[in-house]
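# A look at the structure
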Amino acid sequence: TFYKENNIPIYGSGVNVTEACKPLFWEDHSNTFAFVAALAFGPETAWASDELPGACYFYDRKAEILELVEELAAQVDIVAVELQYLEVYEPSPTYQQVQEFRELRDAGADIVTGVQSHVPQAWETYGANEPGGPGTISYGVGNLFFDQMWSWETRTEQMARHTIYEGRVLNTEILTAVLEDFAQPRWATPEERADILNRVFNAAPPRP
């Protein structure tokens, strides 16, 4: 209600499951976008239902979400999907995670982002000549505004800055940061950035 009263767009959650699973459409500089988000993790009390608010639960509607992504890919320039997946503390994505993130990409998503991992995870980049065209999969960006100060890995994080031009992903820049004093990020130093990027690049899953 607060978001609606203040004209703040939402996606991935809503007053019921229908609203929670709806895409958010956006347009900027003649580029058209559709944003979709879902939760593939618990607790069940976070999942929206026909009567209660919450998040769009991925596994209740996986087939519908994949079909939606395919439909959206034919309607807009850029489809971006965010998935709150199994919360892990390793830079390497799980086997199932790789399969399901790639399913979203294969369905037509240009940008697939994991927003669940507590440490930075691997990336996959796709070029203009590959099926589906240019785009990225980020398996997990790590903690951003969070409080896990107890290890170096949980204090590190990634942010993606995508450049969209004439309806396609022209470039993705990986920005790196470090948490200080609980939930206060600062930019990583060159040495810290090298450490973060080496960890995630070395964790990249084999491409088919």
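Everything in this summary refers to the structure shown in the same document. Model, not experiment: these values are computed from the prediction. (Residues numbered from 1 in each chain as written. Predicted model: local features only at pLDDT ≥ 70, side-chain atom pairs only at ≥ 80, totals over all residues. Heavy atoms only, no water.)

### Focus: the overall build of the protein chain
Under the convention used in this document: Every helix listed is a DSSP run of H or I at least four residues long, and every strand listed is a run of E at least two residues long, numbered separately from the N terminus. The globule rule used for comparison is 2.2 Å times the number of residues to the exponent 0.38, while the radius of gyration itself is calculated over C-alpha atoms. Any residue under 20% of the maximum accessible area for its type is buried, any over 50% is exposed, and the rest in between are partly exposed; the area is computed with a 1.4 Å probe on protein chains only. Contact between two residues is taken to exist if any of their heavy atoms lie within 4.5 Å; hydrogens are not considered. Here the Shrake-Rupley method, with its probe set to 1.4 Å, supplies the accessible areas, and only the displayed protein chains count as covering residues. For the purpose of counting charges, residues Lys and Arg are taken to be positive, whereas Asp and Glu are taken to be negative. His and the chain ends are not included. Taken as the charge centre is NZ of Lys, CZ of Arg, CG of Asp or CD of Glu, depending on the residue.
Looking only at helices and strands, the protein chain features six helices and eleven strands. Taken over C-alpha atoms, the radius of gyration comes to 17 Å for the protein chain, in line with the 17 Å a tight globule of 208 residues would show. Seen through its C-alpha atoms, the protein chain measures out along the principal axes to roughly 45 × 40 × 35 Å. By the burial criterion, 45% of the 208 residues in the protein chain qualify as buried. Across the protein chain, the fraction of contacts at a sequence separation of at least 24, relative to all contacts at a separation of at least 6, is 61%. Summed over its atoms, the accessible surface of the protein chain is roughly 11200 Å², and 54% of this surface lies on carbon and sulfur atoms. Side chains of the protein chain give 13 positive and 32 negative charges; the mean places of these two sets differ by 5 Å.

### Digging into the pattern of salt bridges
We count it as follows: Salt bridge, as used here, is a side-chain nitrogen of Lys or Arg placed within 4 Å of a carboxyl oxygen of Asp or Glu.
Here the structure, examined in full by the defined rule, presents eleven salt bridges. Arg161 is the salt-bridge partner of Glu173, the closest N and O atoms lying 3.0 Å from each other. In this pair, Glu173 sits in strand 10 (residues 168-180) while Arg161 sits in strand 9 (residues 156-165), placing the two residues twelve residues apart along the sequence. Its relative accessible area of 32% is what places Glu173 among the partly exposed residues. For Arg161, a relative accessible area of 47% puts it in the partly exposed group. Of the charged contacts in the structure, one is a salt bridge between Arg186 and Glu180, with a shortest N-O distance of 2.7 Å. Taking relative accessible area as the criterion, Arg186 reaches 28% and is therefore assigned partly exposed. Via salt bridges that share partners, Arg155, Glu180, Arg186 and Glu192 belong to a single interconnected network.

### Things to note about the sheet that holds strand 3 (residues 31-39)
Strands in a sheet are paired, the pairing made by backbone hydrogen bonds, and the direction either parallel or antiparallel. We apply this condition: DSSP calls a pair of strands paired once it identifies at least 2 bridges connecting them. Every axis corresponds to a line fitted to the C-alpha atoms, with the helix fit spanning only the stretch in contact, and the corresponding angles, defined between N-to-C directions, vary from 0 to 180 degrees.
The mixed open sheet is built from six strands, whose spatial order is 2-3-5-6-8-7. A single partner strand is all that each edge strand has here, and the edge strands are strand 2 (24-28) and strand 7 (123-126). With strand direction ignored, the average angle separating the axes of adjacent strands in the sheet is 15°. In this sheet, strand 5 (residues 78-84) lies alongside strand 3 in parallel orientation, the contact comprising seven bridges. Directly across from Ala34, in strand 5, lies its bridge partner Val79. Seen against the sheet, helix 4 (residues 95-107) touches strand 5, strand 6 (111-114), strand 7 and strand 8 (135-138) and runs at an angle of roughly 155° to strand 8.

### Observations concerning the sheet that holds strand 10
Taken in spatial order, the three strands make up an open sheet running 9-10-11, and their pairing is antiparallel. The open sheet is flanked by strand 9 and strand 11 (184-187), the only strands paired with a single partner. Recorded for the sheet is a direction-independent mean angle of 40° between the axes of neighbouring strands. Both strand 10 and strand 11 contribute to a ladder of four bridges, which runs antiparallel. Pairing of Ala177 across the sheet is with Trp187, part of strand 11. With respect to the sheet, helix 6 (residues 190-202) is in contact with strand 9, strand 10 and strand 11, its orientation differing from that of strand 10 by roughly 120°.

### Topic: the nonpolar core
Condition: Only buried Ala, Val, Leu, Ile, Met, Phe, Trp, Tyr and Cys residues count toward a nonpolar core, and they belong to the same one when joined by side-chain atoms within 4.5 Å.
Counting residues in each nonpolar core, the largest one holds 30 residues, and the members touching the most others are Ile65, Val69, Val79, Val81, Leu83, Phe101 and Leu104. Of all the elements in the fold, those that place two or more residues in this core are helix 2 (17-20), strand 3, helix 3 (62-73), strand 5 and helix 4. Setting aside its immediate chain neighbours within four residues, Val69 contacts Val79, Val81, Leu104, Ala107, Gly108 and Ala109. Judged by nonpolar contacts, the second largest core, of six residues, contains Phe33, Ile78, Ala80 and Ile164.

Note that every value here comes from positions in space, so none of it alone points to a role or purpose.
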